[in-house]
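Remarks on the overall topology
Each chain, written out:
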Amino acid sequence: MAAFFSINDTQNMGLALKLARQGIHGVGANPMVGCVIEKNGKIIAQGYHQTYGEAHAEINALNQIGHQAHDATLYVTLEPCSHQGKTPPCAQAIIDSGAANVIIATPDPNPLVAGQGMAILEAAGINVKIGLLKEQAINLNRGFIKRMKTKHPFVTCKIAMSLDGKTSMSSGESKWITGESARKDVQNLRASYQAIMTGSGTVITDNPSMTLRQQNVDFSPLRVVIDGKNKITDSALNIFSSDAPTQVFNTNNTQTDDNGKLDLTNVLQQLGDQGINSILLEAGPGLIGAMIKNQLIDEFIIYTAPILMGSSANSMMQLPIEHMNEKTELNISDLRMVGNDIRITATIKS
């Protein structure tokens, strides 16, 4: 039977999710987690996981009350850990605090936890309920969850195109397709990913910096370059500036497929092994098409400008399709205006 949650429970978990998101730039390979502690109808502590390798959300909240949570209820956005990692297990700390109830949004898919945290709490006599605002909690940590299940990061492909589906002129010129509002929105988008990926063609043609142009953001996503033909040799390129770290994947460090091309699945595997949960793909039509062909894109965010660029301009992807029954169908999950441009969020239909 499904657990019953009150309006008050929902409000407290909503606060915990809001707290969790504050850790987006600090938790690294770990999930974002928030915790709210309530007793006698009053919130007595709250916390979130702030920095990779340091105290988790539950501990940060318990520290505020000297780990005295007798008869209190903890609202946690992800199942408390049950193992000794870089920090002690949170489940045991909750037990030791005297808490009576723990409400969890979603289980932790990490094989080191995966239900064990809940089992430990229940064995200690704590009332555990799960599933409150589950979908929001899963979406918050979709990158971490995917990496735990598949060992690959969550990949979002960002595209800026004209109304007739073009992303650059035949010469490669592409500044600017979208307006200033959309370009600012892209900066906010970049700030929510651990890595930004592009291809060597884009690096050589545009010489992009691929950094965050935002004030008061002490965070730099890893810049990832796919260089299947080992073209990147100029260390003076903007991609190698000191503003952010850069990793180049070429035939010297990456497996190749039967056609001698870089194995993009191996690239994602390597990034997953490094603890990268999320990637924003900003690339040319060749790499985008190859990623789609290999089923490595989880989501598209497409900024569409009210302009026409003509038949000689470059299309958004190289994905040869000869017949209608070979078409790729998408599910649109969000559609909104950003300035004068349209922002479309979509996923490939399974």
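Note on numbering: residues in each chain are counted from 1, in written sequence order. This being a predicted model, a pLDDT of at least 70 is required before a residue's local features are given, and a value of 80 or more before pairs of side-chain atoms are given or counted; all residues contribute to the totals for chains, interfaces and linings. Hydrogen atoms and water are omitted, and side-chain values are computed over all heavy atoms in the structure.

A look at the overall build of the protein chain
- Runs of H or I in DSSP of at least four residues are treated as helices and runs of E of at least two as strands, each being numbered from the N terminus. Counting its regular elements, the protein chain contains 10 helices and 15 strands.
- Computed over C-alpha atoms, the radius of gyration of the protein chain comes to 23 Å, within 12% of the 20 Å expected from 2.2 N^0.38 for 350 residues, which places it in the range of a compact globule.
- With respect to the three principal axes, the spread of C-alpha positions in the protein chain is 70 × 45 × 40 Å.
- For every residue, the accessible area (1.4 Å probe, protein chains only) is compared with the maximum for its type, and the residue is labelled buried under 20%, exposed over 50%, or partly exposed between those bounds. The proportion of buried residues among the 350 residues of the protein chain is 48%.
- Across the protein chain, every contact between residues at least 6 apart in sequence was considered, and the portion connecting residues at least 24 apart equals 70%.
- In short, Shrake-Rupley with a 1.4 Å probe defines the accessible areas, and a residue's cover is counted only from the protein chains shown. When the accessible surface of the protein chain is summed, it comes to about 17,300 Å², and 48% of that surface belongs to carbon and sulfur atoms. Throughout, radius of gyration means the C-alpha value; the globule benchmark is 2.2 Å times the number of residues raised to the power 0.38. Residues count as neighbours in contact if any of their non-hydrogen atoms are within 4.5 Å of one another.

Some details on the packing of aromatic side chains
- Note on ring pairs: Phe, Tyr and Trp rings are taken, using the six-membered ring of Trp, and paired if centres are within 6.5 Å. Classes follow the plane angle, with under 30 degrees stacked, over 60 edge-to-face and the rest tilted. Considering all chains together, one arrives at zero aromatic pairs under this definition.
- We call a charge positioned over a ring when the NZ of a Lys or the CZ of an Arg lies within 6 Å of the ring centre and within 35 degrees of the ring normal. Just above the ring of Trp176 sits the side chain of Arg183; from NZ or CZ to the centre is 4.5 Å.

Some words on the sheet that holds strand S11 (residues 278-281)
- What the eight strands build is an open sheet, ordered S10-S9-S8-S11-S6-S12-S15-S14; its pairing is mixed. Strands with a single pairing partner mark the edges of an open sheet, and in this sheet they are strand S10 (246-249) and strand S14 (330-338). Along the sheet, successive strands turn relative to each other by an average axial angle of 20°, direction set aside.
- For strand S8 (residues 195-199) and strand S9 (residues 222-226), the ladder comprises five bridges, and the chain directions are parallel. Across the sheet, residue Gly199 finds its bridge partner in S9, namely Ile226. In this scheme, strands are said to pair when DSSP sees at least two bridges between them. Angles shown run from 0 to 180 degrees and are taken between the N-to-C directions of axes, each axis being a line fitted to C-alpha atoms and, for helices, limited to the stretch in contact.

What to know about the pattern of salt bridges
- For salt bridges, the criterion is a side-chain nitrogen of Lys or Arg within 4 Å of an Asp or Glu carboxyl oxygen. Throughout the structure, instances matching the rule amount to eight salt bridges.
- Notably, a salt bridge pairs Arg142 with Glu299, separated by 3.0 Å at the nearest N-O pair. Note that Arg142 is positioned in helix H6 (residues 142-150) and Glu299 in strand S12 (residues 299-305), a separation of 157 residues in sequence.
- Given a relative accessible area of 7%, Glu299 falls into the buried group.
- Salt-bridge contacts for Lys184 lead to Glu180; the nearest nitrogen and oxygen are separated by 3.5 Å. Here Lys184 pairs with Glu180, and both are found in helix H7 (residues 180-190), just four residues apart, close to one helical turn.
- In the salt-bridge network here, residues are joined through shared partners; they are Lys158, Arg190 and Glu282.

Details of the pairing of strand S6 (residues 154-162)
- By the criterion of burial, S6 is predominantly enclosed, with eight of the nine residues buried.
- Pairing of S6 with S11, which is carried by four bridges, proceeds in the parallel orientation. Looking across to S11, one finds that Cys157 is bridged to Leu281.
- As paired strands, S6 and S12 are joined by seven bridges and run parallel to one another.

Regarding helix H1 (residues 7-21)
- Between its first and last C-alpha, H1 extends 22 Å over 15 residues, near the 21 Å set by a 1.5 Å rise per residue.
- Looking only at H1, the buried set comprises Asp9, Asn12, Met13, Ala16, Leu17, Leu19 and Ala20. One face of H1 carries all of its buried residues, which in axial projection span an arc of 160°. In this structure, H1 carries Ile7, Gln11 and Lys18 as exposed residues pointing more than 90 degrees from its buried face. Expected helix span is taken as 1.5 Å per residue step, with the number of steps being one fewer than the number of residues. Arc, as used here, means the arc of the directions from the helix axis to the C-beta atoms.

In short, shape yes, function no, at least from these values alone.
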